[in-house]
Amino acid sequence: MKIIEVYKRLDLEITKGKGCFVWDKSGTQYLDMFGGHAVISVGHTHPHYVSEVSRQLNLLGFYSNSVRISIQEQIADKLGKISGKENYNLFLCNSGAEANENALKLASYQNGRKKVVAFTGSFHGRTSLTAAATNISAIAAPVNETTHVIFLPHNDLNALEATFSEMGNEISSVIIEGIQGVSGIHISQNEFLQKIRRLCDQYGAYLIADAIQCGYGRTGSFFSHDYSGINADIYTLAKGMGNGFPVAGLMINPLFKSEYGSLGTTFGGNPLACSAALAVLNIIEEERLIENANLIGNYLLKELRKFNNLKEVRGRGLMIGIETVDEFENIRTALINKHHIITGEAKPNVIRLLPPLNFTYDHADLFLTALEKELA
Ligand SMILES: Cc1ncc(COP(=O)(O)O)c(C=O)c1O
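All values derive from a computational prediction rather than experimental measurement. (Residues numbered from 1 in each chain as written. Predicted model: local features only at pLDDT ≥ 70, side-chain atom pairs only at ≥ 80, totals over all residues. Heavy atoms only, no water.)

S.K.: A description of the site of the ligand should follow, citing residues and the corresponding values.
M.R.: Taken together, the neighbourhood of the ligand is formed by Ser 95, Gly 96, Ala 97, Asn 100, Phe 123, His 124, Gly 125, Glu 177, Asp 210, Ile 212, Gln 213 and Lys 239. Within the backbone of Ala 97, one N or O atom sits 2.8 Å away from an oxygen atom of the ligand. Contact with the protein chains hides 80% of the accessible area of the ligand, taken as 390 Å² for the molecule alone. The biggest single contributor to the shell around the ligand is helix α4 (residues 96-111), with three residues. Class assignment for the residues of the shell around the ligand results in three nonpolar, six polar and three charged. (Near = heavy atom within 4 Å. Polar contact = N/O pair within 3.5 Å; in protein donor to acceptor, adjacent residues only side chain to side chain. Areas by Shrake-Rupley, 256 points an atom, 1.4 Å probe, with all protein chains shown as cover. Helix = DSSP H or I, 4+ residues; strand = E, 2+ residues; numbered from the N terminus. Nonpolar A, V, L, I, M, F, W, Y, C, P; charged D, E, K, R; others polar.)

See below:
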């Protein structure tokens, strides 16, 4: 049997990681500014993370939600404190798409409506409704096609207003990333998020904040949506939450009723996954990683904006998009092959930076020097 070819992969096999660095199988060291698609939040093989996950594995790897799992409550407590949303309820699952699918479903259960508003450039996942709410046609198969999802232009206040005045009473939810990641780091403007909040309140729709890539402290605030000063009805979490262990979640406003059978999962919230998630929260708190993401992110943004041969530099904290003038592919390849720095990408010409949150000034300088050489 062969592995199905659904990814264009880098010609690189990573076999070891420590902090912000990884090594390939021939022993070459790379600075990791991609974290495997924004997943590595507290750094590779962090000692506290490794010891907590190993300890749990030696005690009990798995039991399902048929029994009480008190480590889930510890996560809920800590997550409430760190995110500042202590009165929300938590549902634990396994992946970002699953979190969004459940969020859309929960909103529809609650208000009995069917329409979902999503935006151009959005990415919400590859399950049925999340694929339909993702603005990339290749992701949705014919079976995912639905008339329930309405795409509006991102950050267009008039289109939003017009759609709500036309069919606001049919809209179940609005789903939006605080910063669109896959489409190339595009910030959802504060006024736009505030307007969504107001319209949702006015028409009885729910605001779902997809914080899967832009959340968990990456932007220097726990949620990038927080920059607008609004509260969402549901926040969806994944990626950085488990630092590589598949863990995801929904933080749900207490106004939502919970009914047995409405949400469920076999693997979600299992003890091993929870040990990873709790270790991540401990490290984020202990090492003040949200503050660090803010400091180092601002430094990177400031320095990058001094380059006069870039088209645009966008982002917040450690979620940065560098739009190059021409095709960037050769810059990204040169960064990997010549400078041993791994970055992400967004087509056609954006370099995506999503490093671990314990990235330092020295790491940032390594990258800035390498980029300067390549742009020269
Ligand atoms: C904003 C956003 N939402 C949802 C997802 C889907 O997450 P997963 O791949 O864990 O299903 C992603 C993944 O890249 C994402 O970036």
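Next comes the rest of the write-up.
S.K.: Can you lay out the nonpolar core for me, pointing to particular residues and giving the numbers?
M.R.: By size, the foremost hydrophobic cluster in this structure holds 83 residues, and its most contacted members are Ile 196, Leu 304 and Phe 367. Of the residues forming this core, the biggest block, eleven residues, is contributed by helix α8 (residues 271-286). Here this core gathers at least three residues from each of two domains, domain 1 (14-46 + 288-375) and domain 2 (47-286). In terms of nonpolar packing, the next biggest core, distinct from the first, is built from 23 residues, Ala 99, Leu 104, Ala 238 and Phe 256 among them. (Core = buried A, V, L, I, M, F, W, Y, C linked by side-chain atoms within 4.5 Å. Buried < 20%, exposed > 50% of the residue type's maximum accessible area, 1.4 Å probe, protein only. Domains from an automatic or database assignment.)

S.K.: Let's hear about the layout of surface pockets: which residues, and what values?
M.R.: In this model, the second largest pocket occupies a volume close to 640 Å³. Elements with a minimum of two residues in the lining of the second largest pocket: α3 (70-83) and β4 (89-93). The biggest single contributor to the lining of the second largest pocket is β4, with four residues. Grouping the amino acids of the lining of the second largest pocket by side-chain chemistry returns nine nonpolar, ten polar and three charged. (1 Å grid on protein atoms, 1.4 Å probe; cavity = no way out; pocket = protein on both sides within 12 Å on 5 of 7 lines; lining within 4 Å. Points joined across faces, edges and corners; volume = space filled by probe spheres on them.)

S.K.: Describe the pairing of strand β17 (residues 350-353), with residues and values.
M.R.: Burial along β17 is two-sided: Val 350 and Arg 352 facing one way and Ile 351 and Leu 353 facing the other are all buried. Relative to β17, strand β14 (residues 319-324) runs antiparallel, the two sharing four bridges. Paired with Glu 323 across the two strands is Val 350, which belongs to β17. Bridge count between strand β16 (residues 344-346) and β17: three bridges; the pairing is antiparallel. Within the sheet, the bridge partner assigned to Gly 344 lies in β17 and is Arg 352. (Pairing = 2+ DSSP bridges.)

S.K.: Pulling in residues and values, what's your account of the packing of aromatic side chains?
M.R.: Applying the stated rule across the entire model yields nine aromatic pairs. Centroid distance Phe 62 to Phe 267: 6.0 Å. Interplanar angle 65 degrees. Geometry classified as edge-to-face. Here Phe 267 lies in the loop between β12 (248-252) and α8 and Phe 62 lies in the loop between α2 (47-59) and α3, a separation of 205 residues in the sequence. Judged by its relative accessible area of 37%, Phe 62 falls in the partly exposed class. Here Phe 119 and Phe 192 contribute two aromatic rings whose centre-to-centre distance is 5.2 Å and whose plane-to-plane angle is 70 degrees, an arrangement assigned as edge-to-face. (Phe/Tyr/Trp six-rings, centres within 6.5 Å; stacked < 30°, edge-to-face > 60°.)

Treat this as a map of the structure, not an account of what it does.
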